Amino acid sequence: MEDNLHKELAELSPLLNDLRKKKEGFKVPDGYFEQLQVNVLTQLQEEKPPIVVSNPISVNAKHPSLWEQFLMQLEWLIRPRYAVAFGSVALLIAASWYLFKSNDTINDNCTTLACVSDTEIEQYIEENIEDFETEQLWQSSEDAIAEVTAKTSKTEQEKNTQNPTKKYHLKEANDEELDEMLDEMIQNGELSEEELEDIL
Amino acid sequence: MKEVTDEHIIALMRNPSSYEKGFTVLMQRYQESVYWQVRRMLNEHEDSNDVVQNVFIKVFRSFHTFEEKSKLSTWLYRIATNETLTFIQKKNQKAADDIDSVAAVAQMKSDSYFDGDEAQRLLKVAISQLPEKQRLVFNMRYYDELPYEEMSKILDTSVGALKASFHHAVKKIEEYVKNYEL
């Protein structure tokens, strides 16, 4: 190309062609180019511009080691937006696992009151008796009497064949009638004194 | 010492861990040619220094936009050209556009970073009288000896238009030098 330029200039302007052989005349301060690089890098470090790397192809690029790749992945993970997302998902998984595990240990997938044993209920009531209102206790004792009555219904049915007029109507009975009925049940052996104590 | 190639520089700068190293190598390879390109347009060292620093800062920040459709040197020349023209436009807004030729010669004489002879000084003044684009074309061809094809990519101008521009510039300069000598 120099030959072409030389030829081109020789034809166009022999004067300029001759001048080209002389020293240009410009000069720079001593050590300027060594300092130029330092100055540029210093400016860049002060401003800390982002390095954006696109098209990560490489012809002769050194392939990053496994450790460098791990560090790069780690750096990616600890970027704020990814860290928040990653943390949220991890928290959600941990909470789900804990709740699932807790349910397993408490009642083996049983969610009804029927699964709770009598002993556990009695123990709970004894420990929390003060939390129950009188109305609740009375309702419970009525239920218990009804349960006992149901237990004895078979016996009653058998006796009804001998004495068909004898029936207990708890809802309609007053206190005296109730006492009388309970006495009668004890005398007839339909209700033990221990059971009565439990009821009351 | 093994010569550094453009491919090696590009590969280094495509990798985040070696980006700065690649940039340092790029500067070592191209800082002088970029500086002289700018200096021939601006003449003064201080102005040239400011522009060259801006050029390399821009290169550092925008290397990811280099798509390798052209040579690395072509891409650098283009950035340097744009920065230089921007600087000239800003400077022209502050100072008078037309500098008297006698004043231009005096200015060159007082420049401590110029030690050429009278003929070289006259040539520099003559070049500085050219329009900006024509000055770029003349410098790239006359001093840097760039092929017209590469100049075409840098300046986004056809080869034919560049040849015509160079020939016109040569004639103008020759005329200026001859007249001044007379």
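All values derive from a computational prediction rather than experimental measurement.

A. Quick peek at a nonpolar patch on the surface. Side chains of Val116, Ile121, Tyr124, Ile125 and Ile129 of chain A sit close together on the surface and give an oily, nonpolar patch of about 390 Å² of accessible area. Structurally, the position occupied by Ile129 of chain A is in the loop between helix H6 (118-127) and helix H7 (134-151).

B. Region of interest: the packing of aromatic side chains. Tallied over the full model, the rule gives 13 aromatic pairs over all chains. Relative to Tyr35 of chain B, the ring of Tyr32 of chain A has its centre 5.2 Å away and its plane inclined at 55 degrees; by these criteria the two rings are tilted. Note that Tyr32 of chain A is positioned in helix H3 (residues 32-47) and Tyr35 of chain B in helix H2 (residues 19-42), a pairing that runs across two chains. With a relative accessible area of 0%, Tyr35 of chain B lands in the buried category. On the basis of an interplanar angle of 20 degrees and a centroid distance of 4.7 Å, the ring pair of Phe138 of chain B and Tyr142 of chain B is categorised as stacked. Taken together, the positions of Phe138 of chain B and Tyr142 of chain B, both in helix H7 (residues 132-142) and four residues apart, correspond to about one turn of that helix. Accessibility classification places Phe138 of chain B together with Tyr142 of chain B in one group, the buried group. Each residue in the set Tyr19, Phe23, Phe60, Phe63, Phe66 and Trp75 of chain B is aromatic and connected to the rest through ring pairs, giving one cluster. Sitting over the ring of Tyr142 of chain B, Arg20 of chain A keeps its end group 5.9 Å from the ring centre. The lysine or arginine in question, Arg141 of chain B, covers the ring of Tyr148 of chain B, its NZ or CZ lying 4.4 Å from the ring centre.

C. Representation of the interface of chain A and chain B in the model. Residue-level contacts link 44 residues of chain A with 54 residues of chain B. Carbon and sulfur atoms make up 62% of the area that chain A and chain B hide from each other, which totals about 4900 Å². For the interface between chain A and chain B, the tally reads four salt bridges. Of the charged contacts in the structure, one is a salt bridge between Arg20 of chain A and Glu145 of chain B, with a shortest N-O distance of 2.3 Å. Our enumeration of links across chain A and chain B arrives at 17 residue pairs in polar contact (both at pLDDT 80 or more). Those elements that provide at least two residues to the side of chain A that touches chain B are helix H1 (2-12), helix H2 (14-19) and H3 of chain A. Of all the elements, H3 of chain A adds the most residues to the side of chain A that touches chain B, at 10 residues.

D. Layout of the environment of Phe114 of chain B. Residues and elements named next belong to chain B. Summarising the element assignment, Phe114 is placed in the loop between helix H5 (101-110) and helix H6 (118-128). Residue classification places Phe114 among the buried positions, given a relative accessible area of 6%. With 69 residues separating them along the chain, Phe114 and His45 place their C-alpha atoms 9.2 Å apart.

E. Layout of the packing of H6 of chain B against H7 of chain B. Residue and element names in this part refer to chain B. The N-to-C vectors of H6 and H7 enclose an angle of 140 degrees; their axes lie 9 Å apart at closest approach. When the axis of H6 is compared with that of H7, the two are oblique. Counted together, Leu123, Ile127 and Ser128 of H6 and Arg135, Phe138, Asn139 and Tyr142 of H7 form the full contact between these two elements.

F. Main features of the nonpolar core. By size, the foremost hydrophobic cluster in this structure holds 69 residues, and its most contacted members are Phe138 and Phe166 of chain B. The biggest single contributor to this core is H2 of chain B, with 12 residues. Discounting residues that sit within four places of it in the chain, Phe166 of chain B has contacts with Leu5, Glu8, Leu9 and Leu12 of chain A together with Val137, Phe138, Arg141, Tyr142 and Tyr148 of chain B. If you look at the next biggest cluster of nonpolar residues, it comprises six residues, including Leu178, Met181, Leu182 and Met185 of chain A.

G. Region of interest: the confidence of the model for chain B. All names here are of chain B. In this model, chain B carries an average pLDDT of 88, and 87% of its residues clear a pLDDT of 70 or more. Put simply, H5 is where chain B has its lowest mean pLDDT, 61, and helix H3 (residues 45-62) is where it has its highest, 96. Two summary scores accompany this predicted model of the complex, namely pTM at 0.56 and ipTM at 0.80.

Parameters at a glance
- Residues numbered from 1 in each chain as written.
- Chains lettered and ligands numbered in written order.
- Predicted model: local features only at pLDDT ≥ 70, side-chain atom pairs only at ≥ 80, totals over all residues.
- Heavy atoms only, no water.
- Patch = residues over 30% accessible without salt bridge, like charges linked within 9 Å, V, L, I, M, F, W, Y side chains within 5 Å.
- Areas by Shrake-Rupley, 256 points an atom, 1.4 Å probe, with all protein chains shown as cover.
- Salt bridge = Lys/Arg side-chain N within 4 Å of Asp/Glu carboxyl O.
- Helix = DSSP H or I, 4+ residues; strand = E, 2+ residues; numbered from the N terminus.
- Phe/Tyr/Trp six-rings, centres within 6.5 Å; stacked < 30°, edge-to-face > 60°.
- Buried < 20%, exposed > 50% of the residue type's maximum accessible area, 1.4 Å probe, protein only.
- Lys NZ or Arg CZ within 6 Å of the ring centre and 35° of its normal.
- Contact = heavy atoms within 4.5 Å.
- Buried area = accessible area lost by both parts, 1.4 Å probe.
- Polar contact = N/O pair within 3.5 Å; in protein donor to acceptor, adjacent residues only side chain to side chain.
- Axes fitted to C-alpha atoms, helices over the stretch in contact; angles between N-to-C directions.
- Parallel < 35°, antiparallel > 145°, perpendicular 65-115°, else oblique.
- Core = buried A, V, L, I, M, F, W, Y, C linked by side-chain atoms within 4.5 Å.
- pLDDT = per-residue confidence, 0-100.

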